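Coordinates in review
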Amino acid sequence: AAQNPRNFPKISILNPKNEAKINFPFLYLETKVEAPLGIKQVDFYLDEEYLGSKIREPYSIEIALKKELGSQYFLRAEVIDLENNMNYSEITVFR
């Protein structure tokens, strides 16, 4: 049952929106997670750099945007369920 794709976890980034322009030197990344087999953790990445994990709601994180103005940032959130199935969502934002 664990390998049934219908049981795989799902994650979507609710905020910010893809290709958003961020007017502050930080953002609050909010996700929506569904995992029929239970959520083990959600991992967050900025430009491929691991930022941290959350093991309970809210599956959100504040992220500092440290590059010069005019830069773009790649945000990625990965969900891992209790059977170690993984899924992810990623967006690009600008500052």
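Residues numbered from 1 in each chain as written. Predicted model: local features only at pLDDT ≥ 70, side-chain atom pairs only at ≥ 80, totals over all residues. Heavy atoms only, no water.

Moving on to the side chain of Thr 31. Mapped onto the fold, Thr 31 is located in strand β2 (residues 26–34). Residue classification places Thr 31 among the buried residues on the basis of a relative accessible area of 12%. Separated by 2.7 Å, the side chain of Thr 31 and the backbone oxygen of Tyr 59 make a polar contact. Residues contacting Thr 31, with those up to four places away along its chain left out, are Ile 11, Ser 12, Ile 13, Leu 14, Phe 44, Tyr 59, Ser 60 and Ala 77. (Helix = DSSP H or I, 4+ residues; strand = E, 2+ residues; numbered from the N terminus. Buried < 20%, exposed > 50% of the residue type's maximum accessible area, 1.4 Å probe, protein only. Polar contact = N/O pair within 3.5 Å; in protein donor to acceptor, adjacent residues only side chain to side chain. Contact = heavy atoms within 4.5 Å.)

Turning next to the environment of Ser 53. Relative to the helices and strands, Ser 53 resides in strand β4 (residues 49–54). Since its relative accessible area comes to 31%, Ser 53 is described here as partly exposed. In this structure, the C-alpha to C-alpha distance between Ser 53 and Lys 40, residues 13 residues apart in sequence, is 10.0 Å. Ignoring anything within four residues of it in the chain, the contact list for Ser 53 reads Gln 41, Val 42 and Asp 43. Within polar-contact distance, the side chain of Ser 53 engages the side chain of Asp 43 at 2.5 Å. A distance of 2.5 Å separates polar atoms of two side chains, one belonging to Ser 53 and the other to Tyr 50.

For the rest of this paragraph, the subject is the sheet that holds strand β7 (residues 86–94). Pairing is antiparallel in the open sheet, where four strands are placed in the order β4-β3-β6-β7. Across the chains shown, the open sheet's two edge strands, defined by having one partner strand only, are β4 and β7. Ignoring strand direction, the axes of neighbouring strands in this sheet form an average angle of 20°. Of the pairings in the sheet, the one linking strand β6 (residues 72–81) to β7 comprises nine bridges and is antiparallel in character. Note that in β7 the partner of Gln 72 across the bridge is Phe 94. (Pairing = 2+ DSSP bridges. Axes fitted to C-alpha atoms, helices over the stretch in contact; angles between N-to-C directions.)

Among the nonpolar cores identified, the biggest contains 20 residues, and Leu 27, Leu 29, Val 42, Ile 63, Leu 75 and Val 93 are the most heavily contacted of them. With four residues, the single largest contributor to this core is β6. Those residues in contact with Ile 63, other than ones at most four positions away along the chain, are Pro 25, Phe 26, Leu 27, Leu 29, Leu 46, Leu 51 and Leu 75. (Core = buried A, V, L, I, M, F, W, Y, C linked by side-chain atoms within 4.5 Å.)

This paragraph deals with the packing of aromatic side chains. Per the counting criterion, the structure on display carries two aromatic pairs. Above the plane of the ring of Tyr 73 lies Lys 67, whose end atom (NZ or CZ) is 4.5 Å from the centre. In this structure, Arg 76 packs its charged tip against the face of Tyr 88, placed 3.8 Å from the ring centre. (Phe/Tyr/Trp six-rings, centres within 6.5 Å; stacked < 30°, edge-to-face > 60°. Lys NZ or Arg CZ within 6 Å of the ring centre and 35° of its normal.)

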